[in-house]
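Notes for the structure review
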Amino acid sequence: MERVLITGGAGFLGSHLCDLFINRDFDVVCMDNLITGNMDNIAHLMGNPRFEFVHHDVTNFVYVEGNVDYILHFASPASPLDYLELPIQTLKVGSLGTHKVLGLAKKKKARLLIASTSEVYGDPLIHPQQEDYWGNVNPVGPRGVYDEAKRFAEAMTMAYHRYHGVETRIIRIFNTYGPRMRLNDGRALPAFAGQALTGKDITVFGDGSQTRSFCFVSDLVDGIYRLLMSDEADPVNIGNPAEITITQFAEEVIRLTESKSKIINMPLPEDDPKVRQPDITRARSILGWEPKVKLEDGLKETLAYFAQCIKNEAKSASKGD
Ligand code: UDP
């Protein structure tokens, strides 16, 4: 039986990866310190004999007994609001945490995939972004704690690959959405969904002309699995190239929730990228991967999840929990 360690396994992407590997008959060790992860995301896996949860902060020495064949390093705060609230943890998990999992991969002779990000391109000066673009990042701005930690993580990963011969994979993840995002994580979709579903104003930052390209989580984890099983050590973009403005995105949420909420404009956060769209030529040719889920279909599923979260919160509030 092959065994996989997933750091950040109780988070949004990590928990979907736990599901994918359990469904493909791996033994799964899920590690999380639960600062942004949530046990609810993996509650359905607890009790499964092939699933093990370890409560641990991956910036400290990582000890795992027995064989480990694959490691996926997905631990990190992942929303701009989280980086503002947890700047040091964000820097540490991307740098020290990546170092720890690289050391573990070397010892266990495991293959390691690290979650990097479109944020390594910063506020990009070329469009769409290809993997050979080096980026335009402000190291001392509020997003720098995430961007630079991930850039360091990529450098460290390539060093272990070149110097120690560790088998490594680097995925650059573009905006992804789906069930198990935190309703209050401050990202565009959870914010808009929460607002639309409770009749509050929709807070579009800036004039809303900035663009993003949103990938549904099932497409993303399929791309991750393909990259892990490939021979590609260079970074690979995984994301959905369908680009829309943030205003259009807010309007789509309003339409699908049949909400009466109105859009209001708020100040644009510092260093907010003006455009973002993945060039997925490399993923298409090397992995035979491309996204399948249309925005409307992915949004319907995700909005239903958020509606359920809001109902559950209201229920527990009325019980006085
Ligand atoms: N955004 C917004 N309103 C919100 C939250 C986010 O207009 O309540 C904007 C944000 O300024 C950015 C885009 O939506 O331009 C995507 O933001 P998100 O935090 O989801 O991710 P990012 O791509 O910036 O990391």
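Refer to the structure printed above.
Everything numeric in this text was worked out from a predicted model, so none of it was measured.

1. Some words on the sheet that holds strand β4 (residues 70-73)
- If you walk across this open sheet you meet the seven strands as β3-β2-β1-β4-β5-β6-β11, and the pairing is parallel. Two strands lie at the open edges of the sheet, namely β3 (51-55) and β11 (236-238), each paired on one side alone. The mean angle between the axes of side-by-side strands here comes to 20°, regardless of whether they run parallel or antiparallel.
- Summarising the sheet, strand β2 (residues 27-32) and β3 pair through five bridges and their orientation is parallel. In the sheet register, V29 faces β3, and the bridge partner there is E52.
- Where helix α1 (residues 12-23) meets the sheet, its contacts fall on β1 (3-7), β2, β3, β4 and β6 (168-173), and the angle it forms with β1 comes to roughly 170°.

2. Here's the deal with the environment of G97
- Tracing the sequence through the fold places G97 in helix α3 (residues 87-108).
- For G97, a relative accessible area of 0% corresponds to the buried category.
- Each C-alpha atom of the pair G97 and A149 lies 10.0 Å from the other, and the pair is 52 residues apart in sequence.
- Ignoring any residue separated from it by four or fewer positions in sequence, one finds G97 in contact with V58, T59, H73 and K92.

3. A short note on the site of the ligand
- What surrounds the ligand is a group of 18 residues, the closest being T203, F205, R212, D272 and R276.
- Here an oxygen atom of the ligand sits 2.9 Å away from a polar atom, N or O, in the side chain of Q210.
- Coverage of the ligand by the protein chains reaches 95% of its 520 Å² of free accessible surface.
- Elements with a contribution of two residues or more to the shell around the ligand: α5 (188-197) and β8 (202-205).
- Of the residues belonging to the shell around the ligand, the class tally is eight nonpolar, four polar and six charged.

4. Things to note about the environment of L102
- In this fold, L102 is placed in helix α3.
- Setting aside chain neighbours within four positions, we find L102 in contact with L112, M156, T157, Y160 and T168.

5. Here's the deal with the layout of surface pockets
- There is about 340 Å³ of room inside the second largest pocket.
- What lines the second largest pocket is a set of 13 residues, and nearest its centre among them are N38, D40, N41, Y305 and C309.

6. Focus: the packing of α5 against helix α9 (residues 295-318)
- In contact at an axis separation of 10 Å, α5 and α9 are set at 60° when each is read in the N-to-C sense. What the angle tells us is that α5 and α9 run oblique. Note that α5 runs across α9; the crossing there is right-handed. Touching L189, P190, A193, G194 and L197 of α5 are L299, T302, L303, F306, A307 and I310, all from α9.
- Here the contact of α5 with α9 is built from residues that sort into nine nonpolar, two polar and no charged.

7. Details of empty space enclosed by the protein
- What the rule picks out here adds up to one cavity of 30 Å³ or more.
- Surrounding the largest cavity, H73, A75, S76, V93, G94, T98, I114, A115, K150 and A153 form its lining.
- Those elements giving two or more residues to the lining of the largest cavity turn out to be α3, β5 (111-117) and α4 (144-164).
- Of all the elements, α3 adds the most residues to the lining of the largest cavity, at three residues.
- Grouping the constituent residues of the lining of the largest cavity by class yields five nonpolar, four polar and one charged.

Each value, and the rule that gives it
Within each chain, residue numbers correspond to sequence positions counted from 1 in written order. Note on the predicted model: pLDDT of at least 70 is required for a residue's local features to be given, and 80 or more for side-chain atom pairs to be given and counted; whole-chain, interface and lining totals, by contrast, use all residues. For side-chain calculations, the full set of non-hydrogen atoms in the structure is used, while hydrogens and water are omitted. Any two strands are treated as partners once DSSP identifies two or more bridges connecting them. Note on conventions: DSSP H or I runs of at least 4 residues are helices, E runs of at least 2 residues are strands, and numbering of each starts at the N terminus. Each axis is a line fitted through C-alpha atoms, and for a helix only the stretch in contact is used; angles between axes span 0 to 180 degrees, taken between their N-to-C directions. Contacts: residue pairs with any heavy atoms within 4.5 Å of one another. Burial classes follow relative accessibility: with a 1.4 Å probe on protein chains only, a residue under 20% of its type's maximum area counts as buried, one over 50% as exposed, and anything between as partly exposed. A molecule or strand has a residue near it when one of that residue's heavy atoms lies within 4 Å. Under the rule applied, a polar contact is a pair of N or O atoms within 3.5 Å (in protein, one hydrogen donor and one hydrogen acceptor; residues adjacent in sequence only if both atoms are side-chain atoms). What sets the accessible areas is the Shrake-Rupley method with a 1.4 Å probe; for residues, cover comes only from the shown protein chains. Each residue is assigned to one of three groups, with Ala, Val, Leu, Ile, Met, Phe, Trp, Tyr, Cys and Pro labelled nonpolar, Asp, Glu, Lys and Arg labelled charged, and all others, Gly among them, labelled polar. A cavity, in this analysis, means grid points on a 1 Å lattice covering only the protein atoms where a 1.4 Å probe fits yet has no way out; a pocket is instead an open set bounded by protein on both sides within 12 Å along at least five of seven lines, and a residue lines either one if it has an atom within 4 Å of a point. Grid points are joined across faces, edges and corners, and a volume is the space filled by probe spheres set on the points. By the definition adopted for this analysis, an angle is roughly parallel if under 35 degrees, roughly antiparallel if over 145, roughly perpendicular if from 65 to 115, and oblique otherwise. Should the near helix be turned counterclockwise from the far one by less than a right angle, the crossing is left-handed, whereas a clockwise turn marks it as right-handed.

What is shown is where atoms sit, not what they do.
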